[in-house]
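Each chain is listed here by its residues.
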Amino acid sequence: MELFWYVVLMGMLAMYVILDGYDFGAGIIHLFLAKTEKDKKAITNAIGPFWDANEVWLIAAGGVLFFAFPTLYASSFSGFYLPLIMILWLLIFRAIGLELRGQYHNAMWQSIWDKAFGIASLLLALFFGVALGNVVRGVNLGMVENGVSAHEAHYFFLPLWNPTFSPMAEHLGIIDWFTLLLGVISVLALTIHGANWIIYKTNSGLNQKLKGLIFKLNFVLLALVVVSLLVWHVIDPKPFRNFIETPWLWIFPLITFIGLFGLFNVKRWKKDGYGFLFSSLFLVGGFASTAASIFPNVLPSTNDVNPSLTIYNVAAHEYGLSVGMNWFFIALFLVAVYMVVQYRIFKGKMDDVGYGEH
Amino acid sequence: MEDMLFYDRMQFAFTITFHYLFPQLTMGLSLLIVYFKWKFLRTQVESYNYAAKFWMKIFALNFAMGVVTGIPMEFQFGTNWAKFSELTGGIIGQTLAMEGMFSFFLESSFLGLFLFGEKLMGQKLHFLTGFLVFLGSWASGFLIIATHSWMQNPVGYEILENGKFVLNNFSALFGNPWLWPSYLHNQLASVVTASFVVAGIGAFYLLNNKHSEYGKLFVKTGVIFGLISSVLVAFPTGDWTAKNVVKHQPVTFAAMEGIFETEDGGSEIVLIGQPDMENKKLDNKIAVPNILSFLTYQKWDAEIKGLNEFDEENYPTNIPGLYYGYHIMVGLGTIFIALMALAGVQLWRKKLYKTKWVLWAIMFMLPFPYIANTTGWYTAELGRQPWLVYNLLRTSEGASPTVSSGNTLFTLLGFVGLYLLLGMLFLILVGKIIKKGPEIVKL
């Protein structure tokens, strides 16, 4: 039962990464590359009717986390208090940036909301990567000091950083060089992902330039992924133990690298959707590999006093979990129907939709 | 520790109060939009379609505000109320997760289609998407009130040795006697807000001699919906809700009504007065004898327990706040019925559009349903104190153990600043839509 809800939760988070991921990427490209009004229009049209529904995956995943793994929800949301609230603020800026720019045809007004949308997207991509880094690195559960827990075994609190920015320090922070590395990887991967979405959904003048960009960024991404694997043992001495015990899990790293290497063909493809497919493979594969490497842990403990949080010690009670399956399948079916309807009505290129012209 | 709890409560109170300014309009307004769109399909009169699209634009703006301020609500259960979430997540997580899965996906998918898809889909499908948005927003309200009702009157649970609340009866969550009266009461209150906004903007157009055709349509529709909903919100749904409080939270009822002492031979109903907590009495009281006993038990001399009969440590934490919240809600509700009845009579006599002073009154009444809704919720929430889960889990036991008061104050200040900005932008944009008027709306 715990395993079922774990797969559901990871699946929903993976959906969120793929779907809202392209919105963040589009925002980053909007910030750095879109110079003309036409380019900006193309980008906002490409994500306009979708971003709001995409964000719902985060909210719904949060709901499932709360319901199925209440202890993990309580522990991680209070422990990562500051970055989570900041993510909320950034989500607000992203939303109003997108929705408000078209309300007045005034250059100053528009440039304010363009920047709000772009910068918020960039920081969100960074923060979500950092968040993943924090989860795999683990935290000082129970806030143990000199072998004594200051709080209950599953509670903690992390400041934004510590003076050394080291993931091995005694007093950890949210941002250290390891989590920041994952944050940068996230920014790069989502930029590529967003570029692929723009290519797929528009005929903008940017498309050729974006293909070149994807090709170049992909080298940097590959290099950083290799670096991250080399330094991974700093936070986890045996990162491959699960893969060695359960060999079928290798499928996740395999998918990751198919996605990553596939993207080098970006300039050769005749069909515009392939790039998006491969960057989605990379994101899902990377996310699943990371989750698999710490399984069944969901938040490792960095001390020897309190045990890591696993899917078994944070889950809700049996009855609630099993009764939840009934409504969940109905809801999932409905969500699939909505998505089919939505993506069919807004199929193809989005250049003529005129999003945001109120 | 005291500070920490104070800031946690302030942050939740502030963010939820601001948040609920928007859903309280959108839930009711979606009903009126569906009505306008349905009238258009039936009559093919273009102005109904323009009316539907005009209000849809206002809806969309409010909906966006509701979404961006709603996400922090879900997060704050974990960030600020971790202990509460840990202990009760197996139960309230159930209804909150259902809200995400059943209503947020529905609303967000079809709102986009309703806003941008009229030409792509044709009129009937366009009506359907509008209806689905309505359905999604009312489902969302239902699941939130189901969660709220469990906290007010916990059902279908057992408590384990480690203090965790565990669900043992799923359907009990939806058969909770607290749920249906509160849900209907709340939804009707939302229709009151929407009706007064529609009628108020209509009156504004008429008094300005602008978009007069729509002014009449909005005033008429708003008055009809407003009259029906403001009556039903009081009787029977408000009455049912109050009787639930009498039955399950008698100490709260005494505090709400300002009854410090049990009275022999029946309790009076207090219309006006200020609670004096030092001397345990009401100052400057105006009251009518025996009415409260009659309203509560249909007997003039029925006994209603005063605060003196209860243990002081179970008193609602803020009795004056609770008392004022309740009295403001009831007082405004009475005024709403009176105004809408008057406007209804004038409408029936076909004189409403020319009776200027009534139009002025309708226009100026626009903000007051927001106040009544907000104070109504304060009554419910302050009334539940000092408990998070009534009689079972105290508010002081629910906060996050590791988040310091300094960190909470930091984020509270951030929310205050950000929401101030949001509020200003909202007013500018909604003003712009109203100024443009229904016919220039192009979707």
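### Comments concerning the packing of helix α6 (residues 107–137) of chain A against helix α7 (residues 177–201) of chain A
Residue and element names in this part refer to chain A. Packing of α6 against α7 leaves a shortest axis separation of 7 Å and a crossing angle of 135°. One way to sum up the angle between α6 and α7 is to call them oblique. When the axes of α6 and α7 are compared, the crossing they make is right-handed. Across the interface between the two elements, Leu122, Ala125, Leu126, Phe128, Gly129, Val130, Leu132, Gly133, Asn134 and Arg137 from α6 touch Phe178, Thr179, Leu180, Leu182, Gly183, Ile185, Ser186, Val187 and Leu190 from α7. Taken together, the residues of the contact of α6 with α7 break down into twelve nonpolar, six polar and one charged.

### Looking at the interface of chain A and chain B
If you look at the interface, chain A gives 53 residues, while chain B gives 52 residues. With twelve residues, helix α5 (residues 81–100) of chain A is the largest single contributor of residues to the side of chain A that touches chain B. Split by residue class, the side of chain A that touches chain B holds 37 nonpolar, 13 polar and three charged.

### Observations concerning helix α8 (residues 179–208) of chain B
All names here are of chain B. Taking 1.5 Å of rise per residue, 30 residues should cover 44 Å, and α8 covers 43 Å from first to last C-alpha, within 8% of that figure. Where burial is concerned, most of α8 is hidden: 25 out of the 30 residues are buried. Positive phi shows up at Asn209, right after α8, with a value of about 55°.

### With respect to the environment of Phe59 of chain B
All names here are of chain B. Looking at the element boundaries, Phe59 is found in helix α3 (residues 46–79). On the neighbour-count criterion, Phe59 (28 C-beta atoms within 10 Å) is buried. A sequence separation of 52 residues divides Phe59 from Leu111, and the C-alpha atoms of the two residues are 9.7 Å apart. Ignoring any residue separated from it by four or fewer positions in sequence, one finds Phe59 in contact with Thr26, Leu29, Ser30 and Ile33.

### Here we look at the packing of helix α12 (residues 318–345) of chain A against helix α4 (residues 82–116) of chain B
Two elements in contact, α12 of chain A and α4 of chain B, have axes separated by 10 Å at closest approach and are oriented at 10°. If you check the angle between α12 of chain A and α4 of chain B, you find them roughly parallel. Contact with α12 of chain A, carried on its side by Gly320, Gly324, Trp327, Phe328, Ala331, Val335, Tyr338, Gln342 and Ile345 of chain A, involves Gly90, Ile91, Gln94, Met98, Met101, Phe102, Phe105, Leu106, Ser109, Gly112 and Leu113 of chain B of α4 of chain B and no other residues of that element. In terms of residue class, the contact of α12 of chain A with α4 of chain B is made up of 13 nonpolar, seven polar and no charged.

About the thresholds
Residues numbered from 1 in each chain as written. Chains lettered and ligands numbered in written order. Predicted model: local features only at pLDDT ≥ 70, side-chain atom pairs only at ≥ 80, totals over all residues. Axes fitted to C-alpha atoms, helices over the stretch in contact; angles between N-to-C directions. Helix = DSSP H or I, 4+ residues; strand = E, 2+ residues; numbered from the N terminus. Parallel < 35°, antiparallel > 145°, perpendicular 65-115°, else oblique. Left-handed = near helix turned anticlockwise from the far one by under 90°. Contact = placed C-beta atoms within 7 Å. Nonpolar A, V, L, I, M, F, W, Y, C, P; charged D, E, K, R; others polar. Expected span 1.5 Å × (residues − 1). Buried ≥ 20, exposed ≤ 12 C-beta atoms within 10 Å, placed from the backbone.

Read these as layout, nothing more, since geometry by itself doesn't imply function.
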